[in-house]
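Chain and residue survey
So the chains spell out like this:
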Amino acid sequence: VKDMGETFHSKHGAIQESIHVYIKNGIQLVNKETIHVLEYGFGTGLNALLTLEFGLKNNKKIIYEGIEAYPLNFDEFNLLNYDEYIKTPVPLQKLHEISVDKNELVTEHFSLLKHFCKIEDFTTEKKFDVVYFDVFGYDYQSELWSEEILKKAYHFLNIGGIFVTYA
């Protein structure tokens, strides 16, 4: 993000980073048939696509919600080549084209609900098994690392839920 001077992913690559952080150290540790995921920072949609792939490979039902204050436009997400490396019956473009604030069944075992709002403004009474906290680092978005925001994320977790972040 040029305005911030921050990069989206590590030098090892976006897919490798997301698999290591959010799949292996997040959703893969949840021992349930139906898993509720909340992502702070839907961004490119990569974590959602990898989670969909994980659900298919492991026969898990995934109920996924993502929060994004600054959604990518068509030209931005159309440049991404994740579909060349992540093999799912659903292309990344479909995840981006799903209506906002409407829960949509993407596959038989994966539903997606996107919220285009600031994290500070997001509210729900739902509980989640995993919270993917995929926001920019403290140096770039310190307001999202406040005690208030982190407590809010904790409140959204089921007992025994997992909070995972790259930071």
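The structure presented is a predicted model; accordingly, all values stated were derived computationally and were not measured.

On to the packing of aromatic side chains, then. Considering all chains together, one arrives at eight aromatic pairs under this definition. Among the aromatic side chains, those forming a connected cluster through ring pairs are Y22, Y64, F110 and Y132.

What follows deals with the packing of helix α1 (residues 14-24) against helix α2 (residues 46-58). Following both chains from N to C, one finds α1 and α2 inclined at 65°, their axes separated by 10 Å at the closest point. Note that α1 runs across α2; the crossing there is right-handed. Judged by residue contacts, A14, I15, S18, I19, Y22 and I23 of α1 engage L46, N47, L50, T51 and F54 from α2. Residues of the contact of α1 with α2, tallied by class, amount to eight nonpolar, three polar and no charged.

The next subject is the pairing of strand β2 (residues 61-67). Among the seven residues of β2, five are classified as buried, and the element is accordingly described as predominantly covered. Both strand β1 (residues 34-40) and β2 contribute to a ladder of seven bridges, which runs parallel. Residue H36 lies in a different strand from β2, and its bridge partner there is I63. The parallel pair β1 and β2, bridged by α2, forms a crossover whose chirality is right-handed.

So, on to the nonpolar core. I27, Y64, L95, F110 and Y132 are the most contacted members of the largest nonpolar core, which totals 31 residues. Among the elements that take part in this core, α2 stands out by supplying six residues, more than any other. When residues no more than four places from it in sequence are discounted, the contact partners of L95 are F42, G45, A48, L49, V90, V106, F110, L112 and K114.

With that settled, the discussion passes to helix α5 (residues 147-155). Within α5 the residues assigned to the buried category are I149, K152 and A153. Across the axial projection of α5, the buried residues extend over an arc of 100°, all falling on one side. Within α5, the exposed residues directed more than 90 degrees away from the buried face are E147, E148, K151 and Y154. Considering only its buried residues, α5 is in contact with β1, β5 (128-133) and β6 (157-165).

The subject of this paragraph is the pairing of β5. With six of six residues buried, β5 is to be regarded as a mostly interior element. Summarising the sheet, β1 and β5 pair through four bridges and their orientation is parallel. Within the sheet, the bridge partner assigned to L38 lies in β5 and is V131. Relative to β6, β5 runs parallel, the two sharing five bridges. Bridge pairing in β6 links F128 to L157. Once you follow β5 into α5 and on to β6, the crossover reads as right-handed.

Relative to the assigned elements, L52 resides in helix α2. Among the residues examined, L52 registers a relative accessible area of 1% and is labelled buried. Taking C-alpha positions, L52 is 24 Å from E125, a pair spaced 73 residues apart along the chain.

Right, let's talk about the sheet that holds β5 for a bit. Spatially, β3-β4-β2-β1-β5-β6 is the arrangement adopted by the six strands of the open sheet, whose pairing is mixed. What marks the edges here is a single partner per strand, and that holds for β3 (104-107) and β6. Taking the axes of each pair of neighbouring strands and ignoring which way they run, one obtains an average angle of 25° across the sheet. Along the sheet, α1 makes contact with β5 and β6, crossing β6 at roughly 165°. Along the sheet face, α2 touches β1, β2, β3, β4 (110-115) and β5 and points at about 175° away from the line of β2.

Cut-offs used in this document
Residues numbered from 1 in each chain as written. Predicted model: local features only at pLDDT ≥ 70, side-chain atom pairs only at ≥ 80, totals over all residues. Heavy atoms only, no water. Phe/Tyr/Trp six-rings, centres within 6.5 Å; stacked < 30°, edge-to-face > 60°. Axes fitted to C-alpha atoms, helices over the stretch in contact; angles between N-to-C directions. Helix = DSSP H or I, 4+ residues; strand = E, 2+ residues; numbered from the N terminus. Left-handed = near helix turned anticlockwise from the far one by under 90°. Contact = heavy atoms within 4.5 Å. Nonpolar A, V, L, I, M, F, W, Y, C, P; charged D, E, K, R; others polar. Buried < 20%, exposed > 50% of the residue type's maximum accessible area, 1.4 Å probe, protein only. Pairing = 2+ DSSP bridges. Right-handed = clockwise from strand over helix to strand, strands pointing away. Core = buried A, V, L, I, M, F, W, Y, C linked by side-chain atoms within 4.5 Å. Arc of directions from axis to C-beta.

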